[in-house]
Amino acid sequence: MKILAFESSCDETAVAVVEDGRKVLSDAIASQADMHALYGGVVPEIASRKHVEAIAALMEKALADANCTRADIDAVAVTYAPGLIGAVLVGLSFAKSVAYALGVPLIPVHHIRGHIAANYLAFPELEPPFLALAISGGNTLIVDVRDYTDMVILGATRDDAAGECFDKAARVLGLPYPGGAPMDKLAQGSKGGVYRLPHAKVSGSPLDMSFSGLKTAVVNLAHHAEQVGEELDRAALARDFAQAVSDELVPRAMEAARQSGRTIIAAAGGVAANTVIRGDLERACEKQGCRLYLPPLKLCGDNGAMIGAQGYYEYLAGHTAGMDLNAYATLDIAE
């Protein structure tokens, strides 16, 4: 079964062709990062307009790269939530028109379910049940993946997402947007241990997280150093910041695995590319006797292939939609 998949929830327009939920035939991506870097973050209106400009040609590229014609497509999958509402609507509207024109089913896919499904593309042997740590610019979740379409949130951030904090901290340190990769590179120049940063706990919810205080602490450190004329050890702060984020994520993921009885853990989302977090996860899983799946870096960020992968399993579960399907800026992964 060949699925033509669309992803446009933020600032990447992505179109892919995926076969049987596991094989990537093509994965075309048009990034807007350089444009949004001028503003230090994603400008929603600009993102939406650029999706409109790119999506039709990108679909043609995805079909050509997959050596497919329109007649070869069996279904269309699309991100319908969550994300920047204008951006999501562009991909959804285009996908609707394609599904209608081709006379094939339209499959709605939750963006975070897609990130988790990226692991199926990298690891053909992976099957539910397992625990997923979904960490990106807009979401930070610990998810019990009971089946391909049956997922329950065990823990989540109460405020900022981990990826958003990386972007804000990077801006304070004078690094370009998006901040994840530059922060990771800068952090490699120090062993850290220089700056004391807060580690939050949510009373009564030990698996939930909070990152707003960590973000504020980095801002305050940078401002204080500027005001008193001290030189900021940028590499050490980047390293200590990454460690503080990892200290929020990894122990909670391991505790969630213990509580749910899972011995398989999969990471997902753009923040899963961070070197410190990946290393801490590897060591924690080895110590606890868990099998860890870390997707390759190219599958950590937003892409169309992950939507096609999850779309296949949504289709098998009977989750298709009509032309009245709407987009949503926020939506629980279980819905």
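Above this text sits the structure in question.
The notes below deal with the structure included here. Note that the coordinates shown come from a computational prediction; the quantities given were computed from them, not determined experimentally.

## Concerning the overall build of the protein
Then, in step 1: On a plain count of helices and strands, the protein comes out with ten helices and ten strands.
Then, in step 2: A globule of 335 residues ought to have a C-alpha radius of gyration of about 20 Å, and the protein, at 20 Å, matches this closely.
Then, in step 3: Projecting the C-alpha coordinates of the protein onto the three principal axes gives extents of approximately 65 × 45 × 30 Å.
Then, in step 4: Counting the 335 residues in the protein, one finds 54% classified as buried.
Then, in step 5: Across the protein, the fraction of contacts at a sequence separation of at least 24, relative to all contacts at a separation of at least 6, is 74%.
Then, in step 6: Accessible surface, the protein as shown: approximately 14100 Å² in total, 51% of it carbon and sulfur.

## Re the nonpolar core
Then, in step 1: Met183, Phe241 and Val245 are the most contacted members of the largest nonpolar core, which totals 52 residues.
Then, in step 2: Sorting the residues of this core by element identifies strand S6 (130–135), helix H5 (162–172), helix H6 (180–187), helix H7 (212–228), helix H8 (234–260), strand S9 (264–268) and helix H9 (275–288) as the ones contributing at least two each.
Then, in step 3: Apart from residues no more than four positions distant in its own chain, Phe241 is found in contact with Cys165, Phe166, Ala169, Met183, Leu197, Leu214 and Val218.
Then, in step 4: Within the second largest apolar cluster, 36 residues are counted, among which are Tyr120, Ala156, Tyr312 and Tyr313.

## Brief notes about the sheet that holds strand S1 (residues 2–7)
Then, in step 1: Taken together, the five strands give an open sheet; going across it, the order is S3-S2-S1-S4-S5, and neighbouring strands pair in mixed fashion. Among the strands making up the open sheet, the edge pair consists of strand S3 (23–31) and strand S5 (106–110). Neighbour-to-neighbour, the strand axes of this sheet turn through a mean angle of 20°, independent of strand direction.
Then, in step 2: Two strands pair when backbone bridges link them, and S1 and strand S2 (residues 12–19) are joined in this way by six bridges, in the antiparallel orientation. By the bridge assignment for S2, Phe6 is matched with Val15.
Then, in step 3: Across the sheet, helix H2 (residues 44–65) lies against S1, S2 and S3, angled at about 25° from S2, the strand it touches most.
Then, in step 4: Here helix H4 (residues 111–122) sits on the sheet and contacts S1, S2, S3, strand S4 (75–81) and S5; the angle it forms with S5, its principal contact strand, is near 95°.

## As for H5
Then, in step 1: When H5 is considered as a whole, its buried residues turn out to be Ala162, Gly163, Cys165, Phe166, Ala169 and Ala170. End-on, the buried residues of H5 take up no more than an arc of 155°, which puts them together on one face.
Then, in step 2: Here the buried face of H5 lies against strand S7 (140–147), H6, H7, H8 and H9.

## Some words on the packing of aromatic side chains
Then, in step 1: Summed over the entire model, instances satisfying the criterion amount to nine aromatic pairs.
Then, in step 2: Measuring from ring centre to ring centre gives 3.9 Å for Tyr148 and Tyr313, while their planes differ by 5°; the resulting arrangement is stacked. With Tyr148 in the loop between S7 and strand S8 (150–156) and Tyr313 in helix H10 (residues 304–316), this pair connects stretches of sequence that are 165 residues apart. A single burial state applies to Tyr148 and to Tyr313, both of which are buried.
Then, in step 3: Pairing Phe166 with Phe241 gives two aromatic rings, centres 5.1 Å apart and planes at 90°, and the pair type is edge-to-face. In this pair, Phe166 sits in helix H5 while Phe241 sits in helix H8, placing the two residues 75 residues apart along the sequence. No difference in accessibility class separates Phe166 from Phe241, as the two residues are buried.
Then, in step 4: Ring-pair connections join several aromatic residues into one group, and the members of that group are Tyr120, Phe130, Tyr148, Tyr312 and Tyr313.

## Some thoughts on the pairing of S5
Then, in step 1: The buried count for S5 comes to five of five residues, which makes it a mostly enclosed element.
Then, in step 2: Alternating positions in S5 separate into two faces, Leu106, Pro108 and His110 on one and Ile107 and Val109 on the other, with burial throughout.
Then, in step 3: As judged from the five bridges shared by S4 and S5, these two strands associate in the parallel manner. Its bridge partner being in S5, Ala81 is matched across the sheet by His110.
Then, in step 4: Between S4 and its parallel partner S5, the chain crosses via helix H3 (residues 85–102), and the hand of that crossover is right-handed.

## A few points about the packing of H5 against H8
Then, in step 1: One way to put it is that H5 packs onto H8 with a least axis distance of 11 Å and a crossing angle of 170°. With respect to H8, the element H5 is oriented roughly antiparallel. When you trace H5 past H8, the crossing you get is right-handed. Between H5 and H8, the residues in contact are Ala162, Cys165, Phe166 and Ala169 and Phe241, Ala242 and Val245, respectively.

## Structural notes on the sheet that holds S6
Then, in step 1: Here we have five strands laid out as an open sheet, ordered S8-S7-S6-S9-S10, and mixed in their pairing. Only two strands of the sheet have a single neighbouring strand rather than two, namely S8 and strand S10 (291–293). Pairwise comparison of adjacent strand axes, ignoring direction, gives a mean angle of 25° for this sheet.
Then, in step 2: Relative to S9, H4 is tilted by about 120°, and along the sheet it contacts S6, S7, S8, S9 and S10.

What counts and how
- Residues numbered from 1 in each chain as written.
- Predicted model: local features only at pLDDT ≥ 70, side-chain atom pairs only at ≥ 80, totals over all residues.
- Heavy atoms only, no water.
- Helix = DSSP H or I, 4+ residues; strand = E, 2+ residues; numbered from the N terminus.
- Rg over C-alpha atoms; globule rule 2.2 N^0.38 Å.
- Buried < 20%, exposed > 50% of the residue type's maximum accessible area, 1.4 Å probe, protein only.
- Contact = heavy atoms within 4.5 Å.
- Areas by Shrake-Rupley, 256 points an atom, 1.4 Å probe, with all protein chains shown as cover.
- Core = buried A, V, L, I, M, F, W, Y, C linked by side-chain atoms within 4.5 Å.
- Pairing = 2+ DSSP bridges.
- Axes fitted to C-alpha atoms, helices over the stretch in contact; angles between N-to-C directions.
- Arc of directions from axis to C-beta.
- Phe/Tyr/Trp six-rings, centres within 6.5 Å; stacked < 30°, edge-to-face > 60°.
- Right-handed = clockwise from strand over helix to strand, strands pointing away.
- Parallel < 35°, antiparallel > 145°, perpendicular 65-115°, else oblique.
- Left-handed = near helix turned anticlockwise from the far one by under 90°.

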